[in-house]
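Observations on the three-dimensional arrangement
Each chain is listed here by its residues.
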Amino acid sequence: MESPKDVVGRGYDALSDRYRGDADAPEHYATWLAQLQERVPPGGAVLDVGSGCGVPLARDLAAAGYAVTGVDLSAVQVERARRLVPTARFLHADAGEVSFPASSFDAVVSLYALIHMPLDEQPRLLRRIGRWLRPGGWLLATTGHHAWTGSEDNWLGGEAPMWWSQADAATYRAWIEQAGLSVVTEDLVPEGDGAHALFWARRPR
């Protein structure tokens with residue numbers, strides 16, 4: 001039987017293009033990118049956890065002069081990202097296992113990625129992110145709003161399943177604070193019949 005991580009990696013390998021086209025520019029990402037650029041000046045180092053094919057986040061940040069590092073579990077997503085955003089660095093790796101020196105990044109972004117990781121690994125990753133951030137650095141993350149773990153066959157109308165595991169927003173707030181970060185804002189991001197939570201948090205100077 002496949003592990004949940006295998007299901008996630010294989011699902012994105014199979015449906016990479018269906019999930020995100022080469023030139024896609026989701027409207028809500030533009031707002032988050034603009035807010036990130038207000039907080040972190042060009043030239044800053046940004047880590048994208050669950051970077052996918054690099055579009056639009058890594059693409060737009062790299063074009064604006066940021067030093068972008070992406071990490072993704074899907075080999076197909078990483079291959080596309082390297083082609084679409086050649087000025088960024090992309091690692092084909094498990095975000096729960098990858099390692100960076102302390103205080104390496106001015107910002108860490110994780111959009112729709114934590115919820116694809118085993119629940120017991122998520123607080124540990126957030127603690128590691130807290131160490132990877134420089135003093136004054138920012139975390140931008142989407143998380144679950146309600147607790148749920150489950151899978152979906154024929155995800156996005158394709159032939160591969162997908163798997164998710166998420167806590168509720170209050171739990172994520174606690175985990176972020178336990179990682180040594182101060183939550184600055186918490187918002188609701190509607191999606192279909194459900195929603196995600198979106199957090200901006202900062203490492204104290």
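Reference entry: report on the structure contained in this document. In this convention, every chain numbers its residues from 1, walking through the sequence in written order. Note on the predicted model: pLDDT of at least 70 is required for a residue's local features to be given, and 80 or more for side-chain atom pairs to be given and counted; whole-chain, interface and lining totals, by contrast, use all residues. Just so you know, side-chain values use all the structure's heavy atoms and leave hydrogens and water out.

Section: the pattern of salt bridges
By salt bridge we mean one thing: a side-chain nitrogen of Lys or Arg within 4 Å of a carboxyl oxygen of Asp or Glu. For the structure shown, the criterion picks out 10 salt bridges. For R80, the salt bridge goes to D17, with nearest N and O atoms at 3.4 Å. Of this pair, R80 sits in helix α4 (residues 75-84) while D17 sits in helix α1 (residues 4-19); the two residues are 63 residues apart in sequence, bridging distant segments of the chain. Type-normalised accessible area, obtained with a 1.4 Å probe on protein chains alone, sets the label of each residue: buried when under 20%, exposed when over 50%, and partly exposed for intermediate values. Overall, D17 belongs to the exposed group, its relative accessible area being 52%. In this structure, R173 and E186 form a salt bridge, with 3.0 Å as the shortest nitrogen-oxygen distance. Of this pair, R173 sits in helix α6 (residues 169-178) while E186 sits in strand β8 (residues 182-191), and the two are 13 residues apart along the sequence. On the basis of relative accessibility, which here comes to 33%, the residue E186 falls in the partly exposed class. Note on conventions: DSSP H or I runs of at least 4 residues are helices, E runs of at least 2 residues are strands, and numbering of each starts at the N terminus.

Examining helix α5 (residues 122-132)
The element α5 is extensively covered by neighbouring structure, given that eight of its 11 residues are classed as buried. Restricting attention to buried positions, one finds in α5 the residues Q122, P123, L125, L126, R128, I129, G130 and W132. Throughout, a contact is declared for two residues whenever any of their heavy atoms are within 4.5 Å. Where the residues of α5 are buried, they touch β1 (45-49), β4 (105-110), β5 (133-144), β7 (162-166) and α6.

Observations concerning the packing of aromatic side chains
Pairs were defined over the aromatic rings of Phe, Tyr and Trp, the Trp ring being its six-membered one, requiring ring centres within 6.5 Å. Orientation was assigned from the angle between planes: stacked under 30 degrees, edge-to-face over 60, tilted for the rest. Following the criterion strictly, the structure yields 11 aromatic pairs and no others. Seen in terms of ring centroids, W155 and W164 are 6.2 Å apart; in terms of plane orientation they differ by 75°. Their pairing is edge-to-face. By relative accessible area, W155 is classed as buried at 6%. Overall, W164 belongs to the buried group, its relative accessible area being 13%. Aromatic rings pair up to connect Y12, Y19, W148, W155 and W164 into one cluster. A ring is scored as having a charge over it whenever the NZ atom of a lysine or the CZ atom of an arginine sits within 6 Å of its centre and within 35 degrees of its normal. In this structure, R39 is placed above the aromatic ring of W138, and the distance from its NZ or CZ to the ring centre is 4.8 Å.

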